[in-house]
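Chain residues, written in single-letter form:
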Amino acid sequence: MLRLAPDAGSNHNQAMLPPYNVRLVPHDPQWAGQANDEAVRLEAASDAILAVHHIGSTSIPGIVAKPILDLMAVASDLESLEDARPEIEALGYAWHGEYGLAGRRFCTLCDPASGLRKIHLHCYAEGDPSIRRHLSFRDYLRARPAEARAYEQMKRGCAAKHPDDSNAYTGCKDRWIKPVEAEALKYY
């Protein structure tokens, strides 16, 4: 898990956040409730946030995941997201800007006591194709347990190859994820 230095700031001028050790854990049924609680907190903090979705591996029951929730917030437009930045940061999130993806605003939340990363928040304007892509991938794997198990096996392989580098781990996964996302978009 990543431990950010107290003065780590937003890193929005850096290409990548510092890598952290990859630790996969069994699915925790409490993740869904934690994601819902955080969605309520985000939606209450800013009128700009129209919806918050639980995405990523922690949203897929039965598979291992890094114990970091991936959430996707949706706003009416990018200007509204930018205007909501102070409210999001007031909740403890670090704002990283686009972080390599045009149209996205990426934020991270760390546990204040331990410094461990807790949440990745991916923010998009309503209608951005990435919203459908994320939700389609999640729903595709939820509906196809065999495919979810294949995803888990690939994740385990990538974690074994890159146990100390979360950035390389993510790159390793992308080679599997991209064609599955394309297939998922045919259904959702």
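So, a few notes on the structure that sits alongside this text. (Residues numbered from 1 in each chain as written. Predicted model: local features only at pLDDT ≥ 70, side-chain atom pairs only at ≥ 80, totals over all residues. Heavy atoms only, no water.)

Comments concerning the overall build of the chain
Point 1. The secondary structure content of the chain amounts to 5 helices and 5 strands.
Point 2. The linear arrangement of helices and strands in the chain, starting from the amino end, is α-β-β-α-β-β-β-α-α-α.
Point 3. Seen along its three principal axes, the alpha-carbon backbone of the chain occupies a region of about 40 × 35 × 30 Å.
Point 4. The buried share of the chain, reckoned over its 188 residues, is 47%. (Helix = DSSP H or I, 4+ residues; strand = E, 2+ residues; numbered from the N terminus. Buried < 20%, exposed > 50% of the residue type's maximum accessible area, 1.4 Å probe, protein only.)

Focus: the nonpolar core
Point 1. In this structure, Leu 42, Val 52, Leu 71, Ile 88, Tyr 93 and Leu 121 are the most contacted members of the largest nonpolar core, which totals 24 residues.
Point 2. Mapped by element, the contributors of at least two residues to this core are helix 1 (30-45), strand 1 (49-55), strand 2 (69-75), helix 2 (78-90), strand 3 (93-95), strand 4 (105-110) and strand 5 (117-125).
Point 3. The residues contacting Leu 71, other than those within four sequence positions of it, are Ala 35, Glu 38, Leu 42, Val 52, His 53, His 54, Ile 55, Ile 119, His 120, Leu 121 and His 122.
Point 4. Within the second largest apolar cluster, 16 residues are counted, among which are Ile 63, Phe 137, Cys 172 and Ala 184. (Core = buried A, V, L, I, M, F, W, Y, C linked by side-chain atoms within 4.5 Å. Contact = heavy atoms within 4.5 Å.)

Let's talk about the pattern of salt bridges
Point 1. In total, this model carries 9 salt bridges according to the counting rule given.
Point 2. Across the salt bridge formed by Arg 105 and Glu 82, the nearest N and O atoms sit 2.4 Å from each other. Of this pair, Arg 105 sits in strand 4 while Glu 82 sits in helix 2, and the two are 23 residues apart along the sequence.
Point 3. Here Arg 105 falls in the buried class, since its relative accessible area comes to 10%.
Point 4. Where Arg 156 meets Glu 152, a salt bridge forms, and the shortest distance between an N and an O atom there is 3.3 Å. Linking Arg 156 with Glu 152, this pair stays in helix 4 (residues 145-161), spanning 4 residues, or about one helical turn.
Point 5. In the salt-bridge network here, residues are joined through shared partners; they are Glu 82, Glu 98 and Arg 105. (Salt bridge = Lys/Arg side-chain N within 4 Å of Asp/Glu carboxyl O.)

Thoughts on the packing of helix 3 (residues 129-143) against helix 5 (residues 166-184)
Point 1. For the pair helix 3 and helix 5, the least separation of the axes is 9 Å and the interaxial angle reads 90°. As summarised for this structure, helix 3 and helix 5 are arranged roughly perpendicular, according to the angle between their axes. Packed against helix 3, whose contacting residues are Arg 133, Ser 136, Phe 137, Tyr 140 and Leu 141, the element helix 5 presents Trp 176, Ile 177, Lys 178, Val 180, Glu 181, Glu 183 and Ala 184 at the interface.
Point 2. Taken together, the residues that form the contact of helix 3 with helix 5 break down as 7 nonpolar, 1 polar and 4 charged. (Axes fitted to C-alpha atoms, helices over the stretch in contact; angles between N-to-C directions. Parallel < 35°, antiparallel > 145°, perpendicular 65-115°, else oblique. Nonpolar A, V, L, I, M, F, W, Y, C, P; charged D, E, K, R; others polar.)

Here we look at the state of the cysteines
Point 1. Taken as a whole, this structure holds 1 disulfide when the rule is applied.
Point 2. Disulfide partner of Cys 158: Cys 172, at an S-S distance of 2.1 Å. Disulfide Cys 158 to Cys 172: torsion about the S-S bond roughly -75°, handedness left-handed. Here the residue Cys 158 occupies a position in helix 4, and Cys 172 occupies one in helix 5, the gap between them amounting to 14 residues. Across the pair, Cys 172 and Cys 158 agree in class, each one buried. (Disulfide = S-S within 2.5 Å.)

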